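Letter by letter, the chains look like this.
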Amino acid sequence: MQPADRADLVPYIERVQIGEATLYLGDCLEILPTLSKVDAVVTDPPYGINTRSDGSGKLNPWADLTNAAFFYADWISKCKRLLCRKKPEGHGSLWTFLNWRSMVTFQKASCDMGWPIESLLVWDKQWIGPGGPRGLRPSYEMVALFCHGDWTVKNRGLPDVQRWKWASAKPTGHPAEKPIEGLEWLVNNGSEHGDVVLDPFMGSGTTGVASIGLGRKFIGIEIDRRWFDASCERISAAYSQGRLFE
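In this text, all values refer to a predicted model and were calculated from it rather than measured experimentally. (Residues numbered from 1 in each chain as written. Predicted model: local features only at pLDDT ≥ 70, side-chain atom pairs only at ≥ 80, totals over all residues. Heavy atoms only, no water.)

(A) Region of the structure containing the packing of helix H2 (residues 62-82) against helix H3 (residues 103-113). Two elements in contact, H2 and H3, have axes separated by 8 Å at closest approach and are oriented at 55 degrees. By the angle class used here, H2 and H3 are oblique. Here H2 and H3 pass one another in a crossing that is right-handed. Touching Trp-62, Leu-65, Thr-66, Ala-68, Ala-69, Tyr-72, Ala-73, Trp-75, Ile-76 and Ser-77 of H2 are Val-104, Thr-105, Phe-106, Lys-108, Ala-109 and Met-113, all from H3. (Axes fitted to C-alpha atoms, helices over the stretch in contact; angles between N-to-C directions. Helix = DSSP H or I, 4+ residues; strand = E, 2+ residues; numbered from the N terminus. Parallel < 35°, antiparallel > 145°, perpendicular 65-115°, else oblique. Left-handed = near helix turned anticlockwise from the far one by under 90°. Contact = heavy atoms within 4.5 Å.)

(B) Broad picture of the nonpolar core. Ranked by size, the top nonpolar core spans 29 residues in total, and within it Leu-32, Leu-35, Trp-75, Leu-94 and Leu-198 carry the most contacts. For this core, the secondary structure elements donating two or more residues are helix H1 (28-31), H2, strand E4 (91-98), H3, strand E6 (140-149), strand E8 (196-199) and strand E9 (217-222). A per-element tally of this core places H2 first, with seven residues. Beyond its immediate sequence surroundings of up to four residues, Trp-75 is in contact with Cys-28, Leu-29, Leu-32, Thr-43, Pro-45, Leu-94, Thr-96, Phe-106, Pro-200 and Phe-201. Counting residues in each nonpolar core, the second largest holds 18 residues, with Phe-97, Val-143, Cys-147 and Leu-183 among its members. (Core = buried A, V, L, I, M, F, W, Y, C linked by side-chain atoms within 4.5 Å. Buried < 20%, exposed > 50% of the residue type's maximum accessible area, 1.4 Å probe, protein only.)

(C) The arrangement of the packing of helix H4 (residues 180-190) against helix H5 (residues 206-213) in detail. Where H4 contacts H5, the two axes come as close as 9 Å, and the packing angle between them is 60 degrees. Overall, the two elements H4 and H5 adopt an arrangement that is oblique. When you trace H4 past H5, the crossing you get is right-handed. For the pair H4 and H5, contact is made by Ile-180, Leu-183, Glu-184 and Val-187 and by Thr-206, Thr-207, Val-209, Ala-210 and Ser-211, respectively.

(D) A look at the pattern of salt bridges. Summed over the entire model, instances satisfying the criterion amount to 15 salt bridges. Where salt bridges share partners, they join Asp-39, Arg-85, Lys-86, Lys-154, Glu-192 and Asp-195 into one cluster. (Salt bridge = Lys/Arg side-chain N within 4 Å of Asp/Glu carboxyl O.)

(E) Structural detail: the sheet that holds strand E2 (residues 21-25). Here we have nine strands laid out as an open sheet, ordered E1-E2-E9-E8-E3-E4-E6-E5-E7, and mixed in their pairing. Among the strands making up the open sheet, the edge pair consists of strand E1 (14-18) and strand E7 (161-163). Taken over all neighbouring pairs, the strand axes of this sheet differ in orientation by 20 degrees on average, direction set aside. Both E2 and E9 contribute to a ladder of five bridges, which runs parallel. (Pairing = 2+ DSSP bridges.)

(F) Up close: the pairing of E1. Note: E1 against E2, five bridges, orientation antiparallel. Paired with Glu-14 across the strands is Leu-25, a residue of E2.

Written out as structure tokens, the structure reads:
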């Protein structure tokens, strides 16, 4: 066997090229250090380790939340090092979804990295989700913005509350799927036409579909085979639709 045939020489399980979209099946922590430079990161990572509190003091989630911050800081730092395609000293944006439960973890990761969260966008879903028997029913999530180098939001009139209508029925069936309207907004305000957009937690490929529709190049990473295959199908369809338009 020649060394080039050894699977352990590459950090991914599979790599698929679809137009100007490069998709990887594998662990983003292993793949990110091998990638070329990008202009923006738009992603929806896992919100944290499953924890609960029974109210009796027997189970405290703080340790898990703190440990999760090391994971967040790791992938965010690896993404930050890639945000230098236009300027070697660093230039670009990173947008990441989160919710109120994971906010403290993101804050700790931000402090550990020394890279502050520049803005916190509130996504008004215009829909009330299911809640527990005691608290309020949730109708929002959030998106944190990190700015690298001298990158700035071009439109200085943008507010930090955006309304992208959503509901319990997800088009692809992915449990954490986000609306294409929201991803288009983030891609459009985080990058320019022709830029390279990265999503290290690709899921069902919504960031990729939004990027292609807006004329961006795309790099996506997904660790779950089911959703990687779904992303390949959606992104192929997005390119086919683009050619139909043309």
